[in-house]
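Breakdown of the fold
Next come the chains, spelled out residue by residue.
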Amino acid sequence: MKTRLLTLSLISGMMLVLFTSLLFVLPAAGFLVKLPVSPLLLWISAAGTIAFGWFAARHYDPDRPIPLFLSSLAAAVIPFAVSFAVAGAFFDLSYDGQAYHQEAIIHLANGWNPVYDAPLDLPTAHEKWINHYAKAAEIAAAAFYKATGLIEHGKLINLLLIFASFLLAVPALLSLGAGRLRPAAAVVLAAVVAFNPISVTQAFSYYVDGMLSSSLMIMLALGALLFSGKTRSNRDSGEEGISDITKERPGWIVPTVFAASLLFAVNLKFTALGYAGVLCIGLLIALYMTERFTTMKRMFVTMAAAGLIAVLAVGYNPYVTNTLSKGHPFYPLAGKDSVDIMENFTPRNLERLNRFEQAAVSYFAVSRENGTDKMPTSTKVPFTVSPKELAVFSEPDVAVGGFGPLFGGILLIAAVALMLAYGLSAGATIAVSGVIAILLASAFINPAAWWARYVPQVWVVPVACAWLAFVVRARPNPGTLQLRPIRGHTQINPLSKREQLTRVCGWALAGLLAVNATLVAYSYTTKQWNWSEKLRSQYAELAAMDKPLRTDFSFSWSNRVRFENYGIPFREETPLRCDNPLTLIKSGTTVCLSSAVVREEP
């Protein structure tokens, strides 16, 4: 794979990250000076992203920046166009998305300032989450909605981050592979990282766990590039890939995008503050242990500054406002009068287990959607899947076994790959085990690590094992020829049987991860499309009636915008008394098709 193609992938991926971050940071900073969300913010974000792309192109190819800039811009615009079209083709049919995420977007776009204005008071009783939860996704979507008037299309942020994580993962994996990872394997692993079950099953909704998943993958990819010291192209190196940057001049491009991703991630969910903190500490430790002191110091300053800005400035609401008004930055999940959102959804058999046991039971159980019935989990035979189990992934919130129907078996293969790799190179295996330990440490600070969408970084554990299986080599015996890249080619000694077995294990692991993700994506996409088509036909039917319709929006007041967009006049009525009601699919909205009112008997 040519260096220029990898550099293009790197720049275009960073442009997508910066664009989504600016869509949040600019309006969030505006709130501090009493500026409402403006239509101009979308175009300022786009202009800032294009300017960054130009500077990045000059940084990576000072001799011929224009071709690199134009190709990188095109490589960023194409995913944007795809994301825009796909997001608009699907309705957000999730409960949380319609109940409070879209409601928050509408209020923010209509001028509500969460820093200075009074907290919202809504009849749907979801104002607690809007007032006190982190709002990066909602603020970014509000900026897009304000500029375009298209609320469904704002879901493109999910897809942009998925594409960005893929574009950044490819060069990151290859740079860590040091010439030993084949480009085909890197592309497969990057796709597995980006299109993970959490990101995919929330791609068409305003749920934020998928965005956090992609943001964490992006931070890991950028961290890998910084660790490997391969953030500056060198066409004269003779190696394919992105070559070493000098330790004295590590550059500002990748650290800047890392900071932007950190700003966005920390303001997606409260737990992201802990996750990002652990991952940042892990990167600093890795840089210290490899004596990358210049990069370590620069990243420490970058992380500290970004963290302070994320919490005290652009995250003033909720972190500071919650502390001032409720006594705890993580209210309503912590502090006085906190709410335990997990209590009613935890399966009965998990309640008596610790968090580690809960996770083990869940990952090896039959996949099941969330619910308040507290039914015990069911252990499954690894690598088996039924149509009923696969069908639960049509929703964005699979609780038990949420990483996919094959994930339990995948973990077993990952353990085998780790053991085989240890027999070849204990040092490399210990290093990867350290990365896995950091990932798990970040996950298990959350007591609900059994619920996949709350700990998306766990997905990376088997991916790391697959990468290790692809690149690990036995230490050569004295007198044997060392492996080294030679002008774009690699001189390879014949693989031993153990090395061959390890490679087979790596491909099996990568293949299973890909199949697992594909099964989940197929179930989610097909069902969501069918539901969206059904809802579209219902809206068309209502629009054709051309008369005011008595409507009960129940928990989903945000659907008023959909009625307005389809030109459907309505009159709210709660409770709705009607002898001919139509319940809109997956929307929490009921419409009375007749004009007669059913009166209650005295």
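Scope of this entry: the structure provided in the associated data block.

Quick look at the overall build of the chain
When its secondary structure is counted, the chain shows 21 helices and eight strands. Whereas a compact globule of 602 residues would reach a radius of gyration of roughly 25 Å, the chain reaches 25 Å, a difference of no more than 12%. Projected onto its principal axes, the C-alpha positions of the chain cover 100 × 55 × 50 Å. Split into buried and exposed, the 602 residues of the chain put 54% on the buried side. When contacts within the chain are restricted to residue pairs at least 6 apart in sequence, those whose partners lie at least 24 apart make up 75%. Seen as two clouds, the 48 positive and the 38 negative side-chain charges of the chain have centres 10 Å apart.

Some details on the packing of helix α17 (residues 407–424) against helix α18 (residues 426–444)
Relative to each other, α17 and α18 sit at 140°, their axes nearing to 6 Å. Taking contact as the criterion, the partners of Leu418, Ala421, Tyr422 and Leu424 in α17 are, on α18, Ala426, Thr429, Ile430, Ser433 and Ile436. Taken together, the residues of the contact of α17 with α18 break down into seven nonpolar, two polar and no charged.

Things to note about the sheet that holds strand β7 (residues 581–584)
Strand order across the open sheet formed by four strands is β6-β5-β8-β7, with mixed pairing between neighbours. Two strands lie at the open edges of the sheet, namely β6 (570–572) and β7, each paired on one side alone. With direction set aside, neighbouring strand axes in the sheet form an average angle of 30°. Pairing of strand β5 (residues 549–552) with strand β8 (residues 589–592) involves two bridges; the strand directions are antiparallel. Note that in β8 the partner of threonine 551 across the bridge is valine 591. On the sheet, helix α20 (residues 497–545) packs against β5, β7 and β8 and is oriented at approximately 140° with respect to β7.

Thoughts on the pattern of salt bridges
Taken as a whole and assessed by the stated rule, the structure comprises 12 salt bridges. The closest approach of N and O atoms between lysine 586 and glutamate 395, which form a salt bridge, is 2.3 Å. Placement of the pair is lysine 586 in the loop between β7 and β8 and glutamate 395 in the loop between α16 (387–391) and β2 (398–400), with a sequence separation of 191 residues. We classify lysine 586 as partly exposed; its relative accessible area is 30%. Assessed through its relative accessible area of 24%, glutamate 395 is described here as partly exposed. Between arginine 536 and glutamate 533 there is a salt bridge, and its shortest N-O distance comes to 2.9 Å. Highlighted residues: arginine 536 and glutamate 533, both in helix α20, separated by three residues, approximately one helical turn. A relative accessible area of 21% places arginine 536 in the partly exposed class. For glutamate 533, a relative accessible area of 36% gives the class partly exposed.

Details of the state of the cysteines
Overall, the coordinates contain one disulfide when judged by the stated rule. Paired by a disulfide, cysteine 578 and cysteine 592 hold their sulfur atoms 2.0 Å apart. Taking the sign of the S-S torsion, 80° for the link of cysteine 578 and cysteine 592, the bridge is right-handed. Of this pair, cysteine 578 sits in the loop between β6 and β7 while cysteine 592 sits in strand β8, and the two are 14 residues apart along the sequence. Of the two residues, cysteine 578 and cysteine 592, both sit in the buried class. Cysteine cysteine 505 shares no disulfide, and the gap to the nearest cysteine sulfur, in cysteine 465, comes to 8.9 Å. What makes cysteine 505 buried here is its relative accessible area of 9%.

Describing the packing of aromatic side chains
As enumerated under the stated definition, the model contains 33 aromatic pairs in all. Each ring, one from phenylalanine 52 and one from tryptophan 252, has its centre 6.3 Å from the other, and the planes form 80°; the classification is edge-to-face. On the criterion of sequence distance, the pair formed by phenylalanine 52 in helix α2 (residues 40–60) and tryptophan 252 in the loop between α10 (209–228) and α11 (253–266) is long-range, its members being 200 residues apart. Phenylalanine 52 sits in the buried class, given a relative accessible area of 6%.

Digging into the pairing of β5
Residues Leu549 and Thr551 of β5 are buried on one face, and the alternating residues Arg550 and Asp552, pointing to the opposite face, are buried as well. Relative to β6, β5 is paired through three bridges, and the arrangement is parallel. Within β6, the residue paired with threonine 551 across the bridge is glutamate 572. As a crossover connection, the stretch from β5 through helix α21 (residues 559–565) into β6 is right-handed.

A word on the packing of α11 against helix α12 (residues 270–289)
Running from amino to carboxyl end, α11 crosses α12 at an angle of 150°, the nearest separation of the two axes being 8 Å. As far as their axial angle goes, α12 and α11 are roughly antiparallel. Between α11 and α12, the contacting residues are Phe258, Leu262, Ala265 and Val266 on the first element and Ala272, Leu273, Ala276, Cys280 and Leu283 on the second. Each residue belonging to the contact of α11 with α12 can be placed in one class, and the counts come to nine nonpolar, no polar and no charged.

Thoughts on helix α3 (residues 65–89)
For α3, spanning 25 residues, the distance from its first C-alpha to its last is 36 Å, which sits close to the expected 36 Å at 1.5 Å a residue. Buried residues along α3 sit against α1 (3–32), α2 and α7 (156–177).

What about the side chain of threonine 377?
Along the chain, threonine 377 falls in the loop between β1 (368–369) and α16. Polar side-chain contacts of threonine 377 include one of 2.9 Å to the side chain of asparagine 349. Once you skip the residues sitting within four places of it in the chain, threonine 377 turns out to touch Pro347, Asn349, Leu350, Val361, Ala365, Arg368 and Val400.

Focus on a nonpolar patch on the surface
Together, Ile281, Ile285, Tyr288, Met289 and Phe293 make up a nonpolar patch on the protein surface, roughly 550 Å² of accessible area in all. With four residues, α12 is the largest single contributor of residues to the nonpolar patch. Note that isoleucine 285 resides in helix α12.

Cut-offs used in this document
- Positions within a chain are numbered from 1, following the residues in the order the chain's sequence is written.
- Predicted model: local features are reported for residues with pLDDT of at least 70 only, side-chain atom pairs are reported and counted for 80 or more only, and whole-chain, interface and lining totals are derived from all residues.
- Remark: hydrogens and water are excluded; side-chain values derive from all non-hydrogen atoms of the structure.
- Note on conventions: DSSP H or I runs of at least 4 residues are helices, E runs of at least 2 residues are strands, and numbering of each starts at the N terminus.
- Each radius of gyration is computed over the set of C-alpha atoms, and the globule rule expresses the reference value as 2.2 Å times the number of residues to the power 0.38.
- For each residue, the accessible area found with a 1.4 Å probe, counting protein chains only, is set against the maximum for its type, and the residue is called buried under 20%, exposed over 50%, and partly exposed in between.
- Throughout, a residue-residue contact means that at least one pair of heavy atoms, one from each residue, lies within 4.5 Å.
- Think of it this way: Lys and Arg go in the positive column, Asp and Glu in the negative one, and His and the chain ends go nowhere.
- A single reference atom marks each charge: NZ on Lys, CZ on Arg, CG on Asp, CD on Glu.
- Each axis is a line fitted through C-alpha atoms, taken for helices only over the stretch in contact, and angles between the N-to-C directions span 0 to 180 degrees.
- Ten residue types, Ala, Val, Leu, Ile, Met, Phe, Trp, Tyr, Cys and Pro, are classed as nonpolar, four, Asp, Glu, Lys and Arg, as charged, and the remainder, Gly among them, as polar.
- Should DSSP find at least two bridges between two strands, the strands are regarded as paired.
- When a carboxyl oxygen of Asp or Glu lies within 4 Å of a side-chain nitrogen of Lys or Arg, that pair is called a salt bridge.
- Here, a disulfide means two cysteine sulfur atoms that sit within 2.5 Å of each other.
- Two rings belonging to Phe, Tyr or Trp (six-membered ring only in the last case) form a pair when the distance between their centres is within 6.5 Å. Interplanar angles under 30 degrees mark stacking, angles over 60 mark edge-to-face geometry, and anything in between is tilted.
- The definition of a right-handed crossover adopted here requires that, viewed with the strands pointing away, the path from the first strand over the helix to the second runs clockwise.
- Angles are sorted into four bins: roughly parallel if under 35 degrees, roughly antiparallel if over 145, roughly perpendicular if 65 to 115, and oblique for all others.
- A helix is expected to span 1.5 Å multiplied by its residue count minus one.
- Each polar contact in these results corresponds to two N or O atoms within 3.5 Å; when the atoms are within protein, one needs to be able to donate a hydrogen and the other to accept it, and residues that are neighboring in sequence are counted only if both atoms are side-chain atoms.
- For patches, a residue must show more than 30% relative accessible area and have no salt bridge; joins then use 9 Å for like charges and 5 Å for nonpolar side chains, namely Val, Leu, Ile, Met, Phe, Trp and Tyr.
- Using a 1.4 Å probe, the Shrake-Rupley method yields the accessible areas, and only the shown protein chains count as cover for residues.

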